[in-house]
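What follows is the residue order along each chain.
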Amino acid sequence: MLTAVVIINLLISLVCFYIAAKVGKIRRTIARLEMRIAGMERRCSNVLSTSPGFLGKRQQGARQLRRRYQQLELQLQQVQQLLGLLGLGRMLWSRRARPLR
């Protein structure tokens, strides 16, 4: 009877040691994941803390480009109108320069 109790206790102890080993392995894995997540959080925080200034500069540059584009569009319209007037003048001049019949 004593032998059976000792064997049962040894089996229970072995199962407990196995579970303790698995729990320890899981704890180490969780600790590594926690360290990785903390590192990722620090890197993200560093990137995001510098992004408002970066984005503000890019928005300002985009606004300036839009203004410049609008100016160039206006200049293009003026040149097109001028070329249209020159074409009209050329057409009228060529009609005037033809001898009348």
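Residues numbered from 1 in each chain as written. Predicted model: local features only at pLDDT ≥ 70, side-chain atom pairs only at ≥ 80, totals over all residues. Heavy atoms only, no water.

Caption draft 1: Molecular detail of the overall build of the chain. Helix and strand counts for the chain stand at one helix and zero strands. For the chain, the C-alpha radius of gyration of 42 Å lies well beyond 13 Å, the compact-globule estimate for 101 residues. Taken along the three principal axes of its C-alpha coordinates, the chain extends 140 × 35 × 10 Å. As presented, the chain carries roughly 10,100 Å² of accessible surface, and 66% of it is formed by carbon and sulfur atoms. (Helix = DSSP H or I, 4+ residues; strand = E, 2+ residues; numbered from the N terminus. Rg over C-alpha atoms; globule rule 2.2 N^0.38 Å. Areas by Shrake-Rupley, 256 points an atom, 1.4 Å probe, with all protein chains shown as cover.)

Caption draft 2: Local environment of a positive patch on the surface. Together, Lys 22, Lys 25, Arg 28, Arg 32 and Arg 36 give the surface a local cluster of positive charge. In this structure, Arg 32 sits in helix H1 (residues 2-97). (Patch = residues over 30% accessible without salt bridge, like charges linked within 9 Å, V, L, I, M, F, W, Y side chains within 5 Å. Salt bridge = Lys/Arg side-chain N within 4 Å of Asp/Glu carboxyl O. Lys, Arg positive; Asp, Glu negative; His and termini not counted. Charge placed at Lys NZ, Arg CZ, Asp CG, Glu CD.)

Caption draft 3: Summary view of a nonpolar patch on the surface. Together, Val 15, Tyr 18, Ile 19 and Val 23 make up an exposed nonpolar region whose accessible area comes to about 390 Å². Tracing the chain through its elements places Val 23 in helix H1.

Caption draft 4: The arrangement of the environment of Cys 44 in detail. Inspection of the secondary structure puts Cys 44 in helix H1. When its relative accessible area of 46% is taken as the criterion, Cys 44 is described as partly exposed. (Buried < 20%, exposed > 50% of the residue type's maximum accessible area, 1.4 Å probe, protein only.)

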